[in-house]
Amino acid sequence: MVEIELDGQKVSVQEGSMVMHAAEKAGAYIPHFCYHKKLSIAANCRMCLVDVEKAPKPMPACATPVTQGMIVRTKSDKAIKAQQGVMEFLLINHPLDCPICDQGGECQLQDLAVGYGGSKSRYVEEKRVVFHKNVGPLISMEEMSRCIHCTRCVRFGQEIAGQMELGMAHRGEHSEIQTFVGRTVDSELSGNMIDICPVGALTSKPFRYSARTWELSRRKSVSPHDSTGANLVVQVKNHQVLRVVPLENEDVNECWIADRDRFSYEALNSDARLTAPMIKQGGAWKQVDWTIALEYIANGLKTIKADHGAAAIGALASAHSTVEELHLLAQLVRGLGSDNIDHRLRHSDFGNAAPAGNARWLGSSIASLSELDRALVVGSNLRKDHPLFAARLRHAARRGAAVHRIGLSSDDWLMPLAGSLSVAPSGWVQALADVAAAIGAGAPLAGTATAEAQAIAASLQSGRAKAVLLGNAAAEHPQATSLLALAQWIAQQTGASVGYLTADANTVGAQLVKAQPQIDGLNAGQMLSGTALKAAVLLNTDPVLDAANAAGAAKALDAAEMVVVLSPFKSGLEYADVVLPIAPFTETSGSFVNAEGRLQSFVGVVRPLAETRPAWKVLRVLGNLLGLPGFDQDSSEQVREQALGGDLTVRLSNAAGAVTPVAARGEGVERFGNLPIYAADALVRNASSLQLTADGREAATVGLPASLWQQLALKDGDLVRVVQDGGAAQLPARLEAGLPDGVARVPAGLPQTAALGAIFGTLSISKV
């Protein structure tokens, strides 16, 4: 530790720290623009100039290392005069358009100009003008004359997002921040550039001119998308969500959020919202009041139970639903005498489950991902599945961590990888067995210690903090049990943690509240195949888009006598008999349990739209109409206490089952049914700006390996016909050089591929 004197106060800081860090520790504010605690130091705005004793001139606090006995004055005449001089230079070319600037009211330059700016400018020459740029549907760069060249956005792209999409061109007063060769900003974390821009140069395009910041009320919430559980501040005007920004939580999302956390609010105000209960009569939809709709459902469930038995009734739910909603749905189904409930719609191996009431989880804290020395990630498109986890692993890799991957090497994680095994999904089990064989004897499955496997094994056997992480595709894999068992063995031999990245906001919570069969119920795969299901209750899910086998799900739902859909959006109208408008996360209270087992609760920030009702209240009333016990809760807090109660940490388990032999690969092209980032749930599917991004526009394409591309004599823009299980789709093809031979990436979760079968099945492809 080094002790310095800062404005007469003694401060001890770590050796190598900067004066700015000492000021932060002492609670002293030094004005700055380019400095950001999560980014590298640039020292190019010069606003943080301070008076350092014995230094010949003012020094930048952000780039001046502390030394023992240093005396620093931040409020001396010398420091203030230097800061005022810098402010005068910054304002020379800055336009005086605060009244129309979206940053007005929350602008660092505006705030500091009050304290350090002059009452008038001495600059009489013409101000420079920077031509506006179109960089995509999310970020507005239409007033780049406001830019003060702090380069925060450039450094964010390089260091956090892993992709230098913005850079500075030219020199002096001709400097401009821009993309190169006219490209757009396509990072899944790009919206954070808006937050860290200290002026109004980068603003939110969807929010543009919607409201002034002082008109917005602010409410805390939790992201309903991936398993990070990012903390949010939802900003509201006139009972409408107009903006979402991050709430800093160093243990969860730091100060960042993904673009889907930030911009999916557009769906809340879209025409896709369901506003009143509806019943299908004679093939036509008719709006009804809540009493009629709920009585219709209750009578229908009673009739089906009487005619076919309770085992003919089932419920399918999305793990984007809250703990409270899933608990009451499970209670409802079991109260009717059925155990047919599941949230694992994309899974193929249902034997891979934690003991009843326990849950598969990350295996360590989210924050620990940043501190890993070694990591092996299996079956994940990390960047798109978990953008904030990817940012943490990217940070670890930048500090020297060795990150290895087993999966598809055509997925660009935008981080340095120590090794990448590009293996077809059918070969993932064998690839892990090879790594186990390279570690030593006693592995649960025979393998071959290939050179690549030996490199991964040697890496995992070194280092201090290590983890074996299984991605979404590994959890949904037909041999998920074997993958976990092998990962568990490898982790035990190397001293690593093992865990699942987990797919949805409440995947862990769904397991804890037993929203899956416990004794003899049908799992999601069984319910969505054949004709066993006569009544289906669907919560926040459209199985045709969310299931592992879209075509099979459509047939099963068509064969059911009654399908009840609880959703905020107009989904499932082609097969539903009743649709009930339920509140999205901004209009209800509830809880999510994230990947590390952290329980996070939130409240509604706006009143429910039109006739929309919170799902937990709908399920409680439905339970009362059915005469079931245990549906007398008055608040979501009571439901949560009944659902979880007690210490959750003792119920987190990644205990593995037995390894089975590697399954034989079927004939034809092997399908990898990835889930595009903006097709993962109903909110992002209905968010118009997200669908206009590169990820949204290019989702419905077929990725082909070089061998198949050449065999079909394809060129860019050509269409291919994909046939699987009697269904067909016609989609544009693109070359993915990193794909293993015999594998095609055909996305799931899209209407364009809803006629196809299993996401890990085989298919045939021909040129159109």
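Within each chain, residue numbers correspond to sequence positions counted from 1 in written order. Local features are withheld for residues below a pLDDT of 70 in this predicted model, meaning they are given only at 70 or higher, and side-chain atom pairs are given and counted only at 80 or more; totals for whole chains, interfaces and linings count all residues. To get the side-chain values, take all heavy atoms of the structure and skip hydrogens and water.

### As for the overall build of the protein
Here is step 1: For the purposes of this entry, the term helix denotes a DSSP run of H or I that reaches at least four residues, the term strand denotes a run of E that reaches at least two, and both are numbered from the N terminus. Of regular secondary structure, the protein possesses 24 helices and 33 strands.
Here is step 2: In this description the radius of gyration comes from C-alpha coordinates, and the expected globular size is given by 2.2 Å times residues to the power 0.38. Expected size for 768 residues packed as a compact globule is a radius of gyration near 27 Å; at 28 Å, the protein falls within 12% of this value.
Here is step 3: Taken over the C-alpha atoms alone, the protein extends approximately 90 × 65 × 55 Å along its principal axes.
Here is step 4: Each of the 768 residues in the protein was classed as buried or not, and the buried ones make up 61%.
Here is step 5: Of the contacts formed within the protein by residues at least 6 apart in sequence, a portion of 72% connects residues at least 24 apart.
Here is step 6: Areas reported here follow the Shrake-Rupley algorithm with a probe of radius 1.4 Å; residue values treat only the protein chains shown as occluding. Surface exposure of the protein reaches about 29,100 Å², of which carbon and sulfur atoms provide 51%.
Here is step 7: A positive count includes Lys and Arg, and a negative count includes Asp and Glu. His and the chain ends are not counted in either. Where a charge sits is defined by one atom per residue type, namely NZ (Lys), CZ (Arg), CG (Asp) or CD (Glu). Of the side chains in the protein, 70 bear a positive and 76 a negative charge, and the two mean positions are spaced by 4 Å. Think of it in three bands: residues with accessible area under 20% of the maximum for their type are buried, residues over 50% are exposed, and the middle band is partly exposed, with areas taken using a 1.4 Å probe on protein chains only. Whether two residues are in contact is decided by their heavy atoms, any of which lying within 4.5 Å being enough.

### Structural notes on helix α7 (residues 290-308)
Here is step 1: Its 19 residues give α7 an end-to-end C-alpha distance of 27 Å, which sits within 8% of 27 Å, the value for a rise of 1.5 Å per residue.
Here is step 2: Three or more residues of α7 are buried, namely Trp290, Ala293, Leu294, Ile297, Ala298, Gly300, Leu301 and Ile304. The arc enclosing the buried residues of α7, seen along the axis, measures out at 160°, which places them on a common side. Turned more than 90 degrees off the buried face of α7, the exposed positions are Ala306 and Asp307. What a helix is expected to span follows from its residue count: subtract one and scale by 1.5 Å. Think of the arc as the fan of directions from the helix axis to the C-beta atoms.

### Let's talk about the environment of His327
Here is step 1: With respect to the helices and strands, His327 occurs in helix α8 (residues 323-335).
Here is step 2: It is 5.8 Å that separates the C-alpha atoms of His327 and Ala643, two residues lying 316 residues apart in sequence.
Here is step 3: Leaving out residues up to four positions away in the same chain, His327 has contacts with Val513, Val639, Gln642 and Ala643.

### Topic: a nonpolar patch on the surface
Here is step 1: The patches reported here contain residues having more than 30% relative accessible area and no salt bridge. Joining distances are 9 Å for like charges and 5 Å for nonpolar side chains (Val, Leu, Ile, Met, Phe, Trp, Tyr). Any carboxyl oxygen of Asp or Glu within 4 Å of a side-chain nitrogen of Lys or Arg constitutes a salt bridge here. On the surface, a cluster of nonpolar side chains totalling about 320 Å² of accessible area is made up of Met164, Phe180 and Val181.
Here is step 2: Tracing the sequence through the fold places Met164 in the loop between α4 (152-161) and β8 (167-169).
Here is step 3: Note on Met164: relative accessible area 47%, which makes it partly exposed.

### Quick look at the packing of helix α11 (residues 428-439) against helix α12 (residues 451-460)
Relative placement of two packed helices is described by the angle separating their axes and the distance separating the axes.
Here is step 1: The axes are straight lines fitted to the C-alpha atoms, using for helices just the contacting stretch, and the angles between their N-to-C directions are given from 0 to 180°. Where α11 contacts α12, the two axes come as close as 8 Å, and the packing angle between them is 60°. The interaxial crossing formed by α11 with α12 has right-handed handedness. Residues Asp434, Val435, Ala438 and Ile439 of α11 touch α12, and the partners they reach there are Ala453, Gln454, Ile456 and Ala457.
Here is step 2: Amino acids outside the nonpolar list (Ala, Val, Leu, Ile, Met, Phe, Trp, Tyr, Cys, Pro) and the charged list (Asp, Glu, Lys, Arg) are all regarded as polar, and Gly is one of them. Its residues assigned to classes, the contact of α11 with α12 comprises six nonpolar, one polar and one charged. By convention, the crossing between two helices is left-handed when the near helix turns anticlockwise from the far helix through less than a right angle, and right-handed when the turn is clockwise.

### Concerning the UniProt feature "domain: 4Fe-4S His(Cys)3-ligated-type" (unreviewed entry) in the protein
Here is step 1: With numbering matched to this structure, UniProt assigns "domain: 4Fe-4S His(Cys)3-ligated-type" (unreviewed entry) to residues 78-117.
Here is step 2: Helix makes up 60% of residues 78-117 and strand 0%, with an end-to-end C-alpha separation of 16 Å. UniProt positions are given in the numbering used here, feature names are shortened, and annotations may be inferred rather than shown by experiment.

### Quick look at the UniProt feature "domain: 4Fe-4S Mo/W bis-MGD-type" (unreviewed entry) in the protein
Here is step 1: According to UniProt, the "domain: 4Fe-4S Mo/W bis-MGD-type" (unreviewed entry) feature falls on residues 216-272.
Here is step 2: Helix makes up 9% of residues 216-272 and strand 35%, with an end-to-end C-alpha separation of 24 Å.

### Describing the sheet that holds strand β10 (residues 203-204)
Here is step 1: The rule for pairing is simple: two strands pair if DSSP sees at least two bridges between them. Pairing within the open sheet is antiparallel, and its three strands lie in the order β6-β7-β10. Where the open sheet ends on each side, the last strands, each with one partner, are β6 (133-134) and β10.
Here is step 2: For strand β7 (residues 139-141) and β10, the ladder comprises two bridges, and the chain directions are antiparallel. Counterpart to Ile139 in the pairing with β10 is Ser204.

### Some remarks on the pattern of salt bridges
Here is step 1: Evaluation of the coordinates by the stated rule reveals 34 salt bridges.
Here is step 2: Of the charged contacts, one joins Arg598 and Asp251 as a salt bridge, the two residues approaching to 4.0 Å between their closest N and O atoms. Separated by 347 residues along the polypeptide, Arg598 in the loop between β26 (590-593) and β27 (599-602) and Asp251 in the loop between β13 (240-246) and α6 (259-263) bring together distant segments of the chain.
Here is step 3: Residue Arg598 is classed as partly exposed on the basis of its relative accessible area of 28%.

### Considering the environment of Ser204
Here is step 1: On the secondary structure map, Ser204 appears in strand β10.
Here is step 2: Sequence-wise, Ser204 and Val720 are 516 residues apart; in three dimensions their C-alpha atoms are separated by 37 Å.
Here is step 3: If we skip the residues at most four places from it in the chain, Ser204 touches Leu138, Ile194 and Phe263.

### Here we look at the packing of aromatic side chains
Here is step 1: Working definition: rings of Phe, Tyr and Trp (its six-membered ring) pair if their centres are within 6.5 Å, and the pair is stacked with planes under 30 degrees apart, edge-to-face with planes over 60 apart, and tilted otherwise. Scanning the model with the defined rule gives five aromatic pairs in all.
Here is step 2: Taking the centre distance of 5.1 Å and the plane angle of 40° together, the rings of Phe592 and Phe602 count as tilted. With Phe592 in strand β26 and Phe602 in strand β27, the pair connects residues that are ten residues apart, well separated along the chain.
Here is step 3: Among the residues examined, Phe592 registers a relative accessible area of 3% and is labelled buried.
Here is step 4: Grouped by ring-pair contacts, the aromatic residues Trp428, Phe672 and Phe760 constitute a single cluster.
Here is step 5: Here the guanidinium or amino end of Arg243 rests over the ring plane of Phe207, the centre of that ring lying 4.5 Å away. Charge-over-ring placement is defined geometrically: NZ (Lys) or CZ (Arg) within 6 Å of the ring centre, and within 35 degrees of the ring normal.

### Digging into the layout of surface pockets
Here is step 1: Roughly 750 Å³ of volume is contained in the second largest pocket.
Here is step 2: Points on a 1 Å grid, built from protein atoms alone, make a cavity when a 1.4 Å probe fits but cannot get out and make a pocket when they are open with protein on both sides within 12 Å along at least 5 of 7 lines; residues with an atom within 4 Å of a point are the lining residues. Residue lining of the second largest pocket: 28 residues in total, with Ile194, Asp195, Ile196, Val245 and Pro246 positioned closest to the centre.
Here is step 3: Those elements that provide at least two residues to the lining of the second largest pocket are α5 (192-196), β10, β13 and α6.
Here is step 4: A per-class count over the lining of the second largest pocket returns 13 nonpolar, six polar and nine charged. Grid points are joined across faces, edges and corners, and a volume is the space filled by probe spheres set on the points.

### Thoughts on the packing of helix α2 (residues 77-92) against helix α3 (residues 108-116)
Here is step 1: Relative orientation of the contacting elements α2 and α3 amounts to 130°, with a least axis distance of 10 Å. On the basis of their axis angle, the class for α2 and α3 is oblique. In this structure, α2 crosses over α3, and the sense of that crossing is left-handed. Contact residues: Ile80, Gln83, Gln84, Met87 and Leu91 in α2; Leu109, Leu112, Ala113 and Tyr116 in α3.
Here is step 2: In terms of residue class, the contact of α2 with α3 is made up of seven nonpolar, two polar and no charged. Comment on the angle field: the value is read as roughly parallel under 35 degrees, roughly antiparallel over 145, roughly perpendicular from 65 to 115, and oblique elsewhere.

### Points about the sheet that holds strand β12 (residues 231-237)
The pairing of strands in a sheet happens through backbone hydrogen bonds and is either parallel or antiparallel.
Here is step 1: An order of β11-β12-β13 is seen for the three strands of this open sheet, with the pairing classed as antiparallel. Among the strands making up the open sheet, the edge pair consists of β11 (217-222) and β13. Strand-to-strand twist in this sheet, taken as the mean axis angle between neighbours without regard to direction, amounts to 30°.
Here is step 2: With six bridges joining them, β12 and β13 adopt antiparallel strand pairing. Paired with Val236 across the two strands is Val241, which belongs to β13.

### Some remarks on empty space enclosed by the protein
Here is step 1: A full pass over the atoms with the stated rule returns three cavities of 30 Å³ or more.
Here is step 2: The space that makes up the largest cavity amounts to roughly 100 Å³.
Here is step 3: Residue lining of the largest cavity: 15 residues in total, with Cys147, Cys150, Cys153, Cys197 and Ala201 positioned closest to the centre.
Here is step 4: Of the residues assigned to the lining of the largest cavity, the class counts are twelve nonpolar, two polar and one charged.
Here is step 5: In this structure, the second largest cavity spans a volume of roughly 60 Å³.

### Section: α12
Here is step 1: Of the residues making up α12, those classed as buried are Ala453, Ile456, Ala457, Ser459 and Leu460. Seen from one end, α12 has its buried residues packed into an arc of 160°, which puts them on one side.
Here is step 2: Buried residues along α12 sit against β18 (374-378), β19 (402-407), β20 (419-422), α11, β21 (466-470) and α14 (480-494).

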